[in-house]
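Chain residues, written in single-letter form:
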Amino acid sequence: MGDADETRDGVGLTNLDQPLLAGGDVTKRDLVDYLDAVRERILPGLADRPLSVIRLLRGQDPFMQKNLPKYTPEWVRRTSVWAEASHRQVWYALCDDRRTLLWFANQRAIEYHPTLSTMARPEHPTHLVLDLDPPEGDAFGPVVRTAALVRQALADVGLAGAVKTSGAKGLHVFVPVVGETTAEEAAAATRALAVHTERLDPALATTAFIREDRGGRVFVDPTRAGGATVVAAYSPRVRPGLPVSFPVTWDDLDAVTPADFTVRTVPALVADRDPWAAAMPAPQRLPADLVTEGRAIPVARVQAMHEGKRRARARREAG
């Protein structure tokens, strides 16, 4: 690692003046200073949740790290999760404190993606998430209009949510749910709410999982449930200028762009308040009929896999 440039909270910080992204003016020091400055805001969303991070090492492409590397200090809290896909135990970090956050920052971990449930209650997510993904290009306006549809779809069934920029081009609507909500109920309700949103304006919003079927519409992702992760509020993103996933009030959505919130602008915005905590409604009970409706909606990923195979077969047969 070389000699530490400086030490904070017992963590040696190295190569702080190296650029973080090729051709950019953001250094590793900017990342470390940012995460340290907002630690009291970002840590509540990370604490006690298995954490995946996106790291960007010099001269390499960004990669998602779930399993902790062997050289992880023993003081980093961790939890073991069985990964069905790879048939192995994965050791996830639990980023509960400043020291762990600084260690990750020194590892050039830029993005922080916690699970929707805590380590103690993996089958009980704390939130539903509707992830709004723009069509090709950078148009943010359609995403904002789709978020208004989500808000309407929620209100129609007596629910409320909080919204944040994804830090990339989209928006995330979080709906806090009561503790007894199961992962299966949350997944069903997410599917139903996505379909409700699509129905409000099918020319603007779509739940089509296959990209070529979206036809220039905003994708309302019905699959952020179960073991899914979502980038945390206040997490930077691996993009030029290091934009940050940032809470926005419903009334202000029209007046902002994702680029307004970066590692340079955000510390001042959260110095004396936590807009994400302030925006979040109290946990809510999911309406039983919404869950029942969602159970009858096919799981998009599975449906898309079968449809992809069907199309490939049709192409082969057409020669």
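Parameters at a glance
- Residues numbered from 1 in each chain as written.
- Predicted model: local features only at pLDDT ≥ 70, side-chain atom pairs only at ≥ 80, totals over all residues.
- Heavy atoms only, no water.
- Helix = DSSP H or I, 4+ residues; strand = E, 2+ residues; numbered from the N terminus.
- Axes fitted to C-alpha atoms, helices over the stretch in contact; angles between N-to-C directions.
- Parallel < 35°, antiparallel > 145°, perpendicular 65-115°, else oblique.
- Left-handed = near helix turned anticlockwise from the far one by under 90°.
- Contact = heavy atoms within 4.5 Å.
- Nonpolar A, V, L, I, M, F, W, Y, C, P; charged D, E, K, R; others polar.
- UniProt positions renumbered as here; feature names shortened; annotations may be inferred.
- Core = buried A, V, L, I, M, F, W, Y, C linked by side-chain atoms within 4.5 Å.
- Buried < 20%, exposed > 50% of the residue type's maximum accessible area, 1.4 Å probe, protein only.
- Domains from an automatic or database assignment.
- Phe/Tyr/Trp six-rings, centres within 6.5 Å; stacked < 30°, edge-to-face > 60°.
- Buried area = accessible area lost by both parts, 1.4 Å probe.
- Polar contact = N/O pair within 3.5 Å; in protein donor to acceptor, adjacent residues only side chain to side chain.

Turning our attention to unusual backbone geometry. Unusually for a residue other than glycine, N15 sits at a positive phi of about 50°. For N15, the location among the structural elements is in the loop between β2 (11-13) and α1 (28-37). Not every positive phi belongs to a glycine, and L242 is a case in point at roughly 50°. With respect to the helices, strands and loops of the structure, L242 is situated in the loop between β12 (218-221) and β13 (247-248).

For the pair α1 and helix α3 (residues 98-106), the least separation of the axes is 9 Å and the interaxial angle reads 165°. By the angle class used here, α1 and α3 are roughly antiparallel. Classified by chirality, the crossing of α3 by α1 is right-handed. For the pair formed by α1 and α3, the contact residues are K28, L31, V32, L35 and D36 on the first element and R98, L101, L102, A105 and N106 on the second. Across the contact of α1 with α3, the residue classes tally to six nonpolar, one polar and three charged.

What follows covers the UniProt feature "domain: DNA ligase D polymerase" (unreviewed entry) in the protein. Mapped onto this numbering, the UniProt entry annotates "domain: DNA ligase D polymerase" (unreviewed entry) at residues 27-276. Taken end to end, residues 27-276 comprises 27% helix and 21% strand; its first and last C-alpha atoms sit 27 Å apart.

Generally speaking, soluble globular proteins have nonpolar side chains that are buried together. Core analysis: the largest hydrophobic core is formed by 83 residues, its most contacted members being L46, F104, Y112 and L171. Per-element tally for this core: the top contributor is helix α5 (residues 183-200), with seven residues. Each of two domains, domain 1 (8-122 + 229-279) and domain 2 (127-227 + 282-307), supplies a minimum of three residues to this core. The contact partners of F104, leaving out residues within four places of it in the chain, are L51, V53, Q65, L68, A93, C95, A109 and Y112.

This model, assessed by the stated rule, comprises six aromatic pairs. Taken together, a centroid distance of 6.1 Å and an interplanar angle of 70° make the contact between F209 and F219 edge-to-face. With F209 in the loop between β11 (205-206) and β12 and F219 in strand β12, this residue pair connects regions lying 10 residues apart in the sequence. Their ring planes at 70° and their centres at 5.8 Å tell us that Y234 and F246 sit as a pair that is edge-to-face. A residue pair is termed long-range when its members are at least 10 positions apart, and Y234 in the loop between β12 and β13 and F246 in the loop between β12 and β13 qualify at 12 residues.

For the protein, the domain assignment lists domain 1 (8-122 + 229-279) and domain 2 (127-227 + 282-307). Averaged C-alpha coordinates put domain 1 and domain 2 at centres separated by 24 Å. At the boundary of domain 1 with domain 2, total buried surface from both sides reaches about 2,200 Å², with 62% on carbon and sulfur atoms. Considering only the side of domain 1, the residues that lose the most area to domain 2 are L116, W250 and W276, jointly responsible for 34% of the buried surface there. Across the domain 1-domain 2 interface, the total number found is 10 residue pairs in polar contact (both at pLDDT 80 or more). Going through the elements one at a time, β13 and α7 (275-279) are the ones with two or more residues in the side of domain 1 that touches domain 2. Looking at side-chain class alone, the side of domain 1 that touches domain 2 contains 17 nonpolar, four polar and six charged residues.

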